[in-house]
Amino acid sequence: MNSRGAGSSTALRRLMTEYKQLTSGGSPDGMFTAGPVSESDFFTWEALICGPKDTPFPPDYPLSPFKMKFEPPLFHPNIYPDGNVCISILHTPGDDPLHYEQASERWSPVQSVEKVLLSVISMLAEPNLESGANVDCCKLYRENKAEYERIVRESIREQLGL
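Nothing here was measured: the structure is a model prediction, and the numbers come from that model.

### Section: the overall build of the chain
Stage number 1. The helix and strand tally for the chain stands at four helices and two strands.
Stage number 2. Along the chain, from the amino end to the carboxyl end, the secondary structure elements read α-β-β-α-α-α.
Stage number 3. The principal-axis extent of the C-alpha atoms belonging to the chain is close to 55 × 40 × 30 Å.
Stage number 4. Within the span of the chain, comprising 162 residues, buried residues form 24% of the whole.
Stage number 5. Taking the contacts inside the chain whose residues are at least 6 apart along the sequence as the reference set, 53% of them involve residues at least 24 apart.
Stage number 6. Per element, the accessible surface of the chain, about 11300 Å² overall, is 56% carbon and sulfur.
Stage number 7. The chain carries 15 positive and 22 negative side-chain charges, and their two centres are separated by 7 Å.

Listed below in structure tokens is the structure:
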């Protein structure tokens, strides 16, 4: 840990305090849990985010994809303003009526929850601006990425009550 620099002791104290708060108080409605991967390294964390309890998979899963929604919604090019995720892997199987996606990019029964989560993580890091769900967000991302990032940081702080 000494290789992290002079500020590491301050960071470590802060992370330990936050971890203690998370473990003692929990998250609102048990929506998430987070903490260090190991207690020997407080600088590497993992988190589990749980969806709403009343969000079932479709009765014909895995023949049909499930829906994914961020609550509260995230400001992101591939997330609709209501929070619904727009990603090829969750689109109904078969040919795309708009001819934008190949059938192999869309849902099929060989897909899994893990593959969807990995795709969403990738989407969050690298938005698909060619197939935007939030047009204003796509435009801002293209034209002024610094402002887009500022808005994202501000909205997350607001959602967390910081």
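### Here's the deal with the pattern of salt bridges
Stage number 1. Tallied over the entire structure, the rule returns four salt bridges.
Stage number 2. The shortest N-O distance in the salt bridge between E147 and R150 comes to 2.7 Å. You can see E147 and its partner R150 sitting in helix α4 (residues 145-160), three residues apart, about one turn around the helix.
Stage number 3. Given a relative accessible area of 26%, E147 falls into the partly exposed group.
Stage number 4. Classification of R150 by relative accessible area gives partly exposed; the value is 35%.
Stage number 5. With a closest N to O distance of 2.6 Å, R150 and E154 form a salt bridge. Of this pair, R150 and E154 both sit in helix α4, four residues apart, which is roughly one turn of that helix.

### Overview of the packing of aromatic side chains
Stage number 1. Within the structure shown, the criterion is met by nine aromatic pairs.
Stage number 2. With a centroid separation of 5.5 Å and 80 degrees between ring planes, the pair formed by Y19 and F42 is classed as edge-to-face. With Y19 in helix α1 (residues 8-25) and F42 in strand β2 (residues 41-49), this pair connects stretches of sequence that are 23 residues apart.
Stage number 3. Within the aromatic cluster, the residues linked to one another by ring pairs are F57, Y61, F66 and W107.

### So, the pairing of strand β1 (residues 32-38)
Stage number 1. Across six bridges, the pairing between β1 and β2 is antiparallel. Bridged to A34 within β2 is A47.
Stage number 2. Following β1, the chain reverses through two residues before pairing antiparallel with β2.

Rules and cut-offs
- Residues numbered from 1 in each chain as written.
- Predicted model: local features only at pLDDT ≥ 70, side-chain atom pairs only at ≥ 80, totals over all residues.
- Heavy atoms only, no water.
- Helix = DSSP H or I, 4+ residues; strand = E, 2+ residues; numbered from the N terminus.
- Buried < 20%, exposed > 50% of the residue type's maximum accessible area, 1.4 Å probe, protein only.
- Contact = heavy atoms within 4.5 Å.
- Areas by Shrake-Rupley, 256 points an atom, 1.4 Å probe, with all protein chains shown as cover.
- Lys, Arg positive; Asp, Glu negative; His and termini not counted.
- Charge placed at Lys NZ, Arg CZ, Asp CG, Glu CD.
- Salt bridge = Lys/Arg side-chain N within 4 Å of Asp/Glu carboxyl O.
- Phe/Tyr/Trp six-rings, centres within 6.5 Å; stacked < 30°, edge-to-face > 60°.
- Pairing = 2+ DSSP bridges.

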